[in-house]
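What follows is each chain in one-letter form.
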Protein chains: 4
Amino acid sequence: MTTASLTFAGVVPPVATPLLPDHSVDHTSLARLVEYLVDAGVAGLFALGSTGETAYFTDDERVAILTTIADANAGRVPIIAGAIELTAPRIIETARRLTDAGADAIVTTAPLYTLNDQAEIADHFRAIAAAIDVPLWAYDVPVRVHKKLSLELLIQLGTEGVIQGVKDSSGDDVGFRRLIAANDAAGRPLQLLTGHEMVVDAMLLAGADGVVPGVANVEAEGYVRLFEAAARGDWDAARSEQERINRMFDIVFQPAGLSGDATGVGAFKAAMKARGLIDHATMAGTVTPLDDAVVDKVSGVLAAVGLLPVATV
Amino acid sequence: MTTASLTFAGVVPPVATPLLPDHSVDHTSLARLVEYLVDAGVAGLFALGSTGETAYFTDDERVAILTTIADANAGRVPIIAGAIELTAPRIIETARRLTDAGADAIVTTAPLYTLNDQAEIADHFRAIAAAIDVPLWAYDVPVRVHKKLSLELLIQLGTEGVIQGVKDSSGDDVGFRRLIAANDAAGRPLQLLTGHEMVVDAMLLAGADGVVPGVANVEAEGYVRLFEAAARGDWDAARSEQERINRMFDIVFQPAGLSGDATGVGAFKAAMKARGLIDHATMAGTVTPLDDAVVDKVSGVLAAVGLLPVATV
Amino acid sequence: MTTASLTFAGVVPPVATPLLPDHSVDHTSLARLVEYLVDAGVAGLFALGSTGETAYFTDDERVAILTTIADANAGRVPIIAGAIELTAPRIIETARRLTDAGADAIVTTAPLYTLNDQAEIADHFRAIAAAIDVPLWAYDVPVRVHKKLSLELLIQLGTEGVIQGVKDSSGDDVGFRRLIAANDAAGRPLQLLTGHEMVVDAMLLAGADGVVPGVANVEAEGYVRLFEAAARGDWDAARSEQERINRMFDIVFQPAGLSGDATGVGAFKAAMKARGLIDHATMAGTVTPLDDAVVDKVSGVLAAVGLLPVATV
Amino acid sequence: MTTASLTFAGVVPPVATPLLPDHSVDHTSLARLVEYLVDAGVAGLFALGSTGETAYFTDDERVAILTTIADANAGRVPIIAGAIELTAPRIIETARRLTDAGADAIVTTAPLYTLNDQAEIADHFRAIAAAIDVPLWAYDVPVRVHKKLSLELLIQLGTEGVIQGVKDSSGDDVGFRRLIAANDAAGRPLQLLTGHEMVVDAMLLAGADGVVPGVANVEAEGYVRLFEAAARGDWDAARSEQERINRMFDIVFQPAGLSGDATGVGAFKAAMKARGLIDHATMAGTVTPLDDAVVDKVSGVLAAVGLLPVATV
C-alpha cells in the first residue's frame, strides 16, 4: 500500500448526494458541494457514507458519484469511500470498483444480515484488507449494523495493519474513550474519528483525531474553526463554536414522525438547498421527503443562527 | 405475471449450499441434495435463504447456485429465491439475474442498513414488485433485519397484489396468529409460511399454509408426514411427528459459544454430511467451522433418533 | 410445604383489580369479579399479576386486594399471588404478607433493576423458596423484566424442587416448546402455563398445562370450553373457540398511541365495565384512561361477537 | 421546600455499602468510608444508588444504611438518597422513611416493571414530588430501567419545579449535550450530573454541573482535582487527571464472565478493601463474589497507578 501514511485527521465530512427531481444523481450540485467543502478547509472527504445515502444506490451509481467527487476534488484532499455491502466477497467487488474510480481508502462495517461473532468479524476485515490496494477503515455504527465492534477487535486489527482507522458512530462515549486509551497504549496504530457531531469539542479533548460531521454539508467552516481551536488548546473557543454549531444542528429536530433517514439527511438536504449549496432536496430511494412546513422550520433555524441568506458560492 | 397462481403451500425447505473444502460451491452435492428433497415430497424449494448462506455469496455465485438447483429440480416443484440485498435498486438487480436463472418467485426483506418507517418499507416492496416479472414474497426475519414487518403493511401489500406471501421468522407467534386472522378477513390474498420449525404442528393448527424448515435439509420426510397429518386433521399424529423432529433438531444445540450462523447452519451441514447427503460440511465466508467433538455430538443426536446410518441416496 | 401437590393446570386467569373513581380499590366489584370467574369454571386464580396492575399498589393495598379475592373465593380454587418486587429480600417481605392473607402459592420474576446472570437469578429463586411456606412459581416476562429465564435455569430449579411451575409470557414459542420437551425428559417437575392468550389452542397442542389469560376477565367461559376441547383431543373445536376469543381480543387493538399498560389493561377494564362485571374502568397509578371514543370501539368489538348486552351477573 | 436552593454541583460519589461476611451491613466500614469521602472534598453524597447496591436491601436496611451515612457526615455535605422502587406509591413510602432518616433530597427513576409512556412517567414524578418534603431528582439509567427519560420530559419537570436535577447515566453523550443546551435555554432550572465517570473532563467541558463517580469510592481525590481544574478552565490538567483515573478504572475490566453487578461493584469493593477503606468485599444479595485471581488483578491495577499501599485512613 503506497498510501499507508495517508491521514484523515481533522474534519472529514460525509459528502451528501444531491439528486435531481427524477432521483438521478445531480452531478452539477455534487461537484459544487465538493468545491464548497474543500474550499472550507476540510482535511478529507468521506464519500458514500450514511449521509451520502449510499445504501440506496447501485454500484454503477456509486461509481458515478465517486467519479464526480474525485474529479471535483482534483487530488486536493484524500477521499475515503464507503463500501457498504453484506459480506466480504460482496464488499470486495464494490471496493475494487470504488478504488478504480478514485478512492484513496475504503471504509466498511461488520457484515450485515449475518449472525457473526467478533472472531468472524475480524476475519471479515482481514479478508477485505487482503483483497484491496488501499487502506481499510472500520465503521462502527450499531444503530445501522446492530453489532458493536469491540475494543479488542479494533486494536487487534490496527496492530496487525489490517485497518488504518475507525469511524466511531457507536453512541458510546465511554467505549470511545477506552478505545483512545488502548490505541495510545498500543503505539497509536489507528486514527480515530468520531461521528458524534454535537460533542466534537469534548471528543477532541478526549483524544479523537478528527470528526465526520454530516451537518458540515450545511456549513463546514465552523467545524474547521472548532478543530483548529482544539488543536491550539483553546477549549473555550472550541466549546463556543460547538455550541453555535449545535444551534444550527437543531435542523434535524424539526421533522417529526418520520423515519431516521428522512429526518437526518432530509434536514441536511433541505438546509443545503436553502443555502444554495445544492439545487434540489430530493431524497434517495423510497425515503419520504420533508413537507413544506418542515422545510420552513429548517430555514428558520438557519436564519436564527445567521446562516441565511448565504453568500454566493 | 403468468405465475400468479403459483403456490408454495406445504413443506418448502430452504436449500443449504454445500461447499468444497476450498469454499467454492459443491455443485455435485447441491444437485444430490435437491434430488433428495424433491424425492421426499416437498412442495417447493426456497433457494438462497439464510440457511443457504446467501449473504456470503456474490451475485455470480448466487446465479451459479440457483442454476444448479433449477437444473436438478427440472421443473418438478416451484422455486422461490432470496434476493437479499440492501435496498430496492440493488435487490432488483439481483432479483432479475435470479429470475433469468430459473427462479419462479422472489423473496426479500425490508431494507438493510437504512432507517426506514413502515410507509417507506411498503414503497420498497412496491418498487421491487413493479420491476420484476415473477411473484414477490416478503421475508420477516427481525433477528437479521432488525425491523418487524407490521401486520397492516403485509395485509395492505397483499391486498394490492404487491406480495403473494410471507415467510414468517419473526419469533412472534401471537403476531403470526393475528396475521392469519387478518389475512382470512381480507379474503386470503397472502400465503403464509412459518419458519418456526419446532412448532409447525401448532402453527398449522393456527392456520399456517406451510413451513420453511432448515432442518429438512437433514431429514425432509418427517415434515412431509407432519404436513399430511395436519392436512387430514390428525393432530395427534402431527404432534408426535413434530416431537420426533424436535429430538433431531437438538443437533443445533450441540455447538456452544459459536456465532448464530456457525451454530445453526453448522449443525445442519455436519448432520447432512454424517447422513451422506453432502460431501463436506464447509461453511461459507468467515464462519467458524464446528470442531470434531461437536460434530460427534451431532452424529450422536442423529443416531439416537435412528437417522444414522442413512440408506444410500 | 403441605401444598406441594397443588396444581394450577387449566384456566388460571390473572384477576384484574377494579378501582373506584378515587383510585382506591373497589372491593365490591372485585368480589363480584371473583365470583364470576369461579362460577365460569376456572382452575385457579392468579392474583396481583400484571393484569392486576400489582406494580402500582403498596403492600398494604396488595394485602387488601388479596384478602378480598380469598374471601370471595372461599377456598373453591387455589390462589397464586404475584410478589413483584426488586430482589429476594424485598420479595420475601411481600410474599410472607400475601401468604398470610391467603395465597396458596407465590409467583415472582427475576430481579428488577439489577444486572444479574443466570446463576445469580437461580440463587434469587432459591433464597425466596427457602423463606416462604408455599410453593414458588417463576414468571418469565422479558417485556417487563428485560431478562429471559433460561431453559436450563428453569429445569434445574424444577428438579431441585425450588419452583413448582412457570408462567411463560416470554413471547418465544420455540423456547416454550423446548421447555415442554425438557420438562418431559426431566420427569415433569414443572407445571407450565402459557400467557399467550391468542394461541392457547396451539400451545395446548404443544403440551402446555394451562393458560393465564388476561381477557378471561372479560369472558372466561370461552377459555374453559377451549381447555376442555383440547383435553378431549377435539382440536378443531379448540381452534374454533380460540378464533372466537381472538375476535373478542381485538378490544386491545382499539386504543392507539397509548402506553402498554393503558392499552391492554385499559381495554380489559373498559370491556368489563361494558359487560357489567365491574362498576368503573378506573386505571391504577398514573396510567392514562381510555377516552370515550375508544371505549365505544371496545364496546363495538364486544357487540360484534355477541358479548353485549351481558346477562346480569 | 426549605432546601430548594440545595446544590449538588461538583463531585457527588455514590456511596458503596460495605457488608460483613454474613451479609449484614458493616456500619463501621461505612462510617469510615463516609469520613474518607468527605475529607477528600466531595460536594455531596449520593446514598443508596446502584453502586450502593440499594436494590438488594429492604427498607429497614436502607434506613439503617442512610442513618449511618448521615451520622458520619454530620451535616458537612448534603445527602441525596435513592428511593428505588416500582412505582410512585411505593417510592413515596420509601422516600418518606429516607427523608426522616436524614436525606436532604431524593432521587428516583421512571417506574420499573410497568409499561408507561412519557406522559405517565411525568405524572409519576409529579406524584412523588407532591408527596415528599425535600427536592426530587430524576435518575436516567436505561441500562437498568429500560426506559429513557426524554429531554422534553426533563425540561418540563424542571420548569415546573417538580425536579431539581438529573443524574444522567443514559450512555448517550449527544442526548446529554442537548439536555445541557435546553436547560440553558430554559434558564437553568436543573442541575445536571453525569454518571459517565470515564469522560468527566469532556462532560464538564460540555457543561455538566458535576459527576457521580462510583470509582470515587476507591479514590476520591482525583475527581476533586479534576473538577477544580475544569472549574478554573485548565482543561489539559482536567484531561490528565481523567486519564490517570481511567487507568485506575481498569479495575472494572479485570473480572470476566460475571454479571454486571458482580463486575462493577465487585471491582470497586475489592479495590476499596485492598486500600483499607473497608474491611470486607462482601457483595449484596445473591451477587457472585470475585475470586482471588481477579482480586489480585484488581490490586495489580491499583499498584500500577501508585494507589497501593494506601496511607492509613
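Preceding this section is the structure that the text describes.
Reference entry: report on the structure contained in this document. (Residues numbered from 1 in each chain as written. Chains lettered and ligands numbered in written order. Predicted model: local features only at pLDDT ≥ 70, side-chain atom pairs only at ≥ 80, totals over all residues. Heavy atoms only, no water.)

### Focus on the side chain of Asp140 of chain C
Residues and elements named next belong to chain C. Looking at the secondary structure, you find Asp140 in strand β5 (residues 136-140). A distance of 3.0 Å separates the side chain of Asp140 from the backbone nitrogen of Leu149, its partner in a polar contact. In contact with Asp140, other than residues within four places in its own chain, are Lys147, Lys148, Leu149, Lys167, Asp168, Ser169 and Ser170. (Helix = DSSP H or I, 4+ residues; strand = E, 2+ residues; numbered from the N terminus. Polar contact = N/O pair within 3.5 Å; in protein donor to acceptor, adjacent residues only side chain to side chain. Contact = heavy atoms within 4.5 Å.)

### Remarks on the sheet that holds strand β3 (residues 79-82) of chain B
Residue and element names in this part refer to chain B. What the eight strands build is an open sheet, ordered β1-β8-β7-β6-β5-β4-β3-β2; its pairing is parallel. Each edge of the open sheet carries a strand with a single partner, namely β1 (10-11) and β2 (45-47). In the sheet, strand β7 (residues 191-194) pairs with strand β8 (residues 210-211) via two bridges, with the strands oriented parallel. Within the sheet, the bridge partner assigned to Thr194 lies in β8 and is Val211. Together, β4 (105-108) and β5 (136-140) form the strand contacts of helix α4 (residues 118-131), whose direction differs from that of β5 by roughly 150°. (Pairing = 2+ DSSP bridges. Axes fitted to C-alpha atoms, helices over the stretch in contact; angles between N-to-C directions.)

### Concerning the sheet that holds strand β6 (residues 165-168) of chain D
All names here are of chain D. If you trace the eight strands from one edge of the open sheet to the other, you get β1-β8-β7-β6-β5-β4-β3-β2, paired in parallel fashion. The outermost strands of the open sheet, each flanked by one partner alone, are β1 (10-11) and β2 (45-47). Of the pairings in the sheet, the one linking β1 to strand β8 (residues 210-211) comprises two bridges and is parallel in character. Opposite Gly10, over in β8, you have Gly210 as the bridge partner. Each of β3 (79-82) and β4 (105-108) touches helix α3 (residues 88-100); the most contacted strand, β4, lies at about 150° to it.

### Regarding the pattern of salt bridges
Residues and elements named next belong to chain D. Within the structure shown, the criterion is met by 84 salt bridges over all chains. Of the charged contacts in the structure, one is a salt bridge between Arg32 and Asp279, with a shortest N-O distance of 2.7 Å. Residue Arg32 is found in helix α1 (residues 27-40), and its partner Asp279 is found in the loop between α11 (260-274) and α12 (292-304); the two are separated by 247 residues along the sequence. You can call Asp279 partly exposed: its relative accessible area is 36%. Residue Arg76 is joined to Asp39 by a salt bridge in which the shortest nitrogen-to-oxygen separation is 3.9 Å. Taken together, the positions of Arg76 in the loop between α2 (59-73) and β3 and Asp39 in helix α1 put the pair 37 residues apart, joining distant regions of the chain. (Salt bridge = Lys/Arg side-chain N within 4 Å of Asp/Glu carboxyl O. Buried < 20%, exposed > 50% of the residue type's maximum accessible area, 1.4 Å probe, protein only.)

### Considerations on the relation of the copies chain A and chain B
Each copy superposes on the other: chain A lies on chain B with an RMSD of 0.0 Å after a rotation of 180° and an axial shift of 0.0 Å. The transformation just described matches what one would write down for a two-fold rotation axis. When the interface residues of chain A are mapped onto chain B, 100% of them again lie at the interface, so the same face is used by both copies. (Least-squares fit on C-alpha atoms with pLDDT ≥ 70 in both.)

### Points about the relation of the copies chain B and chain C
The two copies are related by a screw motion: chain B maps onto chain C through a turn of 180° and a shift of 0.0 Å along the axis, at an RMSD of 0.0 Å. Comparing interface residues between copies, 100% of those in chain B also lie at the interface in chain C; the contact surface is shared.

### Some remarks on the side chain of Thr108 of chain A
Residues and elements named next belong to chain A. Assignment of secondary structure puts Thr108 in strand β4 (residues 105-108). Residue Thr108 is classed as buried on the basis of its relative accessible area of 0%. Separated by 2.7 Å, the side chain of Thr108 and the backbone oxygen of Ala83 make a polar contact. For Thr108, the residues in contact, after removing those within four places along its chain, are Ala83, Ile91, His124, Phe125, Ile128, Leu136, Trp137, Ala138 and Tyr139.

### Observations concerning the interface of chain A and chain B
On the side of chain B, 39 residues touch chain A, which itself brings 39 residues to the contact. For the pair chain A and chain B, the summed buried area comes to about 3400 Å², and 56% of that belongs to carbon and sulfur atoms. It is Arg90, Tyr113 and Leu115 of chain A that lose the most area in chain A upon contact with chain B, and together they represent 25% of the buried surface on that side. Across the chain A-chain B interface, the total number found is four salt bridges. For Asp59 of chain A, the salt bridge is made with Arg90 of chain B, and the minimal N-O distance between the two is 2.8 Å. Put simply, chain A and chain B have 26 residue pairs in polar contact (both at pLDDT 80 or more) between them. For the side of chain A that touches chain B, the secondary-structure elements that each account for two or more residues are α2 (59-73), α3 (88-100), α4 (118-131), α5 (142-145) and α11 (260-274) of chain A. The element best represented in the side of chain A that touches chain B is α3 of chain A, accounting for four residues. Split by residue class, the side of chain A that touches chain B holds 16 nonpolar, 13 polar and ten charged. (Buried area = accessible area lost by both parts, 1.4 Å probe. Nonpolar A, V, L, I, M, F, W, Y, C, P; charged D, E, K, R; others polar.)

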